[in-house]
Amino acid sequence: MPDTVKLSHTAALILQAIGAGDGYGFSVMEMTGLPSGTVYPAMRRMERDGLIRSQWERQSIADAEQRPPRKYYKITRAGNDALEASQKRYPLLAKLAAEERGQ
Amino acid sequence: MNWILRLAALIVPADKRAAWLAEWDAELAFVRPRCGNVAALFFCAGAFSDAIWMRRNGELSASAELREIFQVRSPLRCLAWLTVLALSSLGLALRFSSLANAFPPEPYRDSQNLAMVTLHPDGPRYADVPLWKFRAAESRIPDVEEAAFYTHVLGQSPRKPMVVAIASPNLFRMLSVAAPAQGLILARSTWRRLFKSDPTIIGRKVEVDGRYATVTGIISDNAWQLPAFPQAWLLDETRFQALPPNSSGYVVARLRTPAPSNFFWTASTTNSRAEYDRLTFVPIPHESVALVILALFLPGLLALPVLTRYHLGAYPANRHAPPRTVRVRRWFFLATKIALILPTLLCSTCVLGVVPLMPGCLMMSWLLSMRWAWNDQRNRCPVCLHSLSLPVRIGEASHTFLEWYGTELVCTRGHGLLHVPEISTSCYSEQRWLYLDPSWSS
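A brief report on the enclosed structure follows. (Residues numbered from 1 in each chain as written. Chains lettered and ligands numbered in written order. Predicted model: local features only at pLDDT ≥ 70, side-chain atom pairs only at ≥ 80, totals over all residues.)

Now for the overall build of chain B. In terms of helices and strands, chain B carries 13 helices and 15 strands. The 442 residues of chain B split such that 31% are buried. Counting contacts in chain B only where the partners sit at least 6 residues apart, residues at least 24 apart contribute 68% of the total. (Helix = DSSP H or I, 4+ residues; strand = E, 2+ residues; numbered from the N terminus. Buried ≥ 20, exposed ≤ 12 C-beta atoms within 10 Å, placed from the backbone. Contact = placed C-beta atoms within 7 Å.)

Note: interface size is frequently given as the accessible area lost on complex formation between the parts. With 30 residues of chain B at the contact, the number on the chain A side is 24 residues. Elements supplying a minimum of two residues to the side of chain B that touches chain A: helix H2 (14-35), helix H3 (37-57), strand E12 (389-394) and strand E13 (406-410) of chain B. The dominant element in the side of chain B that touches chain A, judged by the number of residues it contributes, is H3 of chain B, at nine residues. Looking at side-chain class alone, the side of chain B that touches chain A contains 16 nonpolar, five polar and nine charged residues. (Nonpolar A, V, L, I, M, F, W, Y, C, P; charged D, E, K, R; others polar.)

With that settled, consider the nonpolar core. Judged by nonpolar contacts, the single largest core of 58 residues is most densely connected at Leu7, Ala11, Ile14, Leu15, Ile18, Val39 and Met43 of chain A. When sequence neighbours within four positions are dropped, the list of residues in contact with Leu7 of chain A reads Ala12, Leu15, Ala82 and Ser86 of chain A together with Leu390 and Val410 of chain B. Of all hydrophobic cores here, the second largest spans 46 residues; its members include Leu114, Met116, Leu131 and Leu279 of chain B. (Core = buried A, V, L, I, M, F, W, Y, C linked by C-beta atoms within 7 Å.)

Not every positive phi belongs to a glycine, and Gln66 of chain A is a case in point at roughly 55°. Within the secondary structure, Gln66 of chain A is located in the loop between helix H4 (59-64) and strand E2 (71-75). The backbone of Ser197 of chain B shows a phi angle near 55°, a positive value even though the residue is not glycine. Mapping Ser197 of chain B onto the fold places it in the loop between helix H9 (188-193) and strand E6 (205-208). Look at Ser197 of chain B and you get exposed, because 10 C-beta atoms sit within 10 Å.

Note that all results are geometric; they support no functional claim without further evidence.
Printed below as a string of structure tokens:
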């Protein structure tokens with residue numbers, strides 16, 4: 001097996017969004033423009049493959065904002081490696097993410 | 001709108017349902033005030049895809065762990081599993097069922113020279129020749145080199161009565177069946193069922209029609225391809241001569257010249273009472289097993305488009321396309337899969353004991369297996385033959401007229417990407433493979 005997982009463009013885009021700090025499912029949707037039916041299963045796959053990891057928000061933070069606690073995702077070292085490899089393949093990936101964040 | 005999420009949650013494995021629902025509830029609480037109810041509705045609709053993914057791939061679910069064990073992503077592992085299946089079903093078939101009986105027997109060595117002889121060809125059976133007529137005409141039937149007679153009587157096995165054919169001693173010799181020249185000969189199935197596979201059966205006395213006969217051998221059930229399957233045969237000149245002259249029985253004849261296939265023909269002879277007898281010759285079927293199997297599987301292969309398409313997808317060559325040998329290997333892989341599926345199906349059908357329904361069962365399971373083989377082939381990388389992974393849904397239905405939408409899969413070894421359109425359009429009618437440059441494989 002190769003060391004790094006090869007990602008499709010869509011998967012790389014989602015990983016890029018999570019790597020950029022948009023760690024919630026809906027924020028990834030907003031950044032990538034992909035529907036929830038694509039984003040959430042893709043994040044589950046990446047978590048299963050060790051590219052990202054999830055963590056529940058602390059209850060105290062959610063209580064302070066009067067909403068349920070959310071689950072957020074962070075990119076792992078393996079995910080970073082895969083993302084770097086993907087960015088070499090998709091040069092517009094980083095630019096696209098930057099543009100989205102600029103809006 | 002939370003009811004949609006609760007409905008979708010029913011699909012999620014129970015051990016993960018609460019956490020899954022909590023995550024979607026939290027997200028919905030954020031989406032609704034920010035984007036409105038319509039967007040929230042579309043958001044919730046996506047929960048079903050996620051829930052289905054969780055059902056299929058839940059880390060803690062036993063089925064997922066089992067699937068991981070039986071994963072056939074690697075082509076070698078796939079072939080290894082198919083080989084194991086073929087060998088184990090063959091072993092089971094040999095152990096628990098009379099595998100050989102499930103298939104049409106190979107014809108007699110010179111079956112084109114053999115024919116049944118009957119006086120009433122329109123009758124339901126051929127057992128209509130009285131013994132006295134057979135004796136009178138035995139050596140005088142035109143174009144007949146030799147003839148044999150057999151009739152049924154009852155014998156007594158340890159468990160229940162059995163049907164025994166008392167035959168003229170030349171019967172098996174004429175049919176070129178390897179069997180003792182005289183004595184009581186059992187069919188293998190009779191020996192198994194009625195005599196519980198008794199290893200000391202040879203030499204044992206068995207009652208046949210009120211007198212004892214000695215068991216001298218066992219023959220395969222397939223050795224008998226003539227009408228009326230008896231459970232044993234008694235070849236004994238004395239007993240044969242002692243049969244009442246009026247006993248009706250079957251007559252099989254060996255002809256001097258090969259019989260025309262599938263045609264009845266007649267000949268006349270006079271009997272000992274100076275009467276004319278009109279004898280009808282009925283040829284014995286002599287189709288080969290290979291032809292019968294071919295007749296069974298070829299229509300199945302032709303009917304495959306009912307379940308799936310023959311086309312394996314578009315693989316447009318680019319400068320990164322692999323050499324011809326690699327592409328040939330892909331077809332060899334498909335052929336090997338099919339070659340291993342065939343014995344598995346034949347043997348497992350026998351093991352399941354559905355021999356009377358065999359043609360229908362075989363045809364259906366053959367069709368389903370071919371569908372699997374074709375679909376599996378479509379979902380493999382044409383270069384390394386590993387199953388593709390990381391499927392991601394792309395686009396929406398509204399993209400249909402602008403670009404394709406559907407699923408994208410990737411070869412984890414970096415050989416290419418597979419685009420599978422959700423619906424066929426004039427631009428994307430088939431799934432399409434994109435070969436990637438070798439740096440992906442590094």
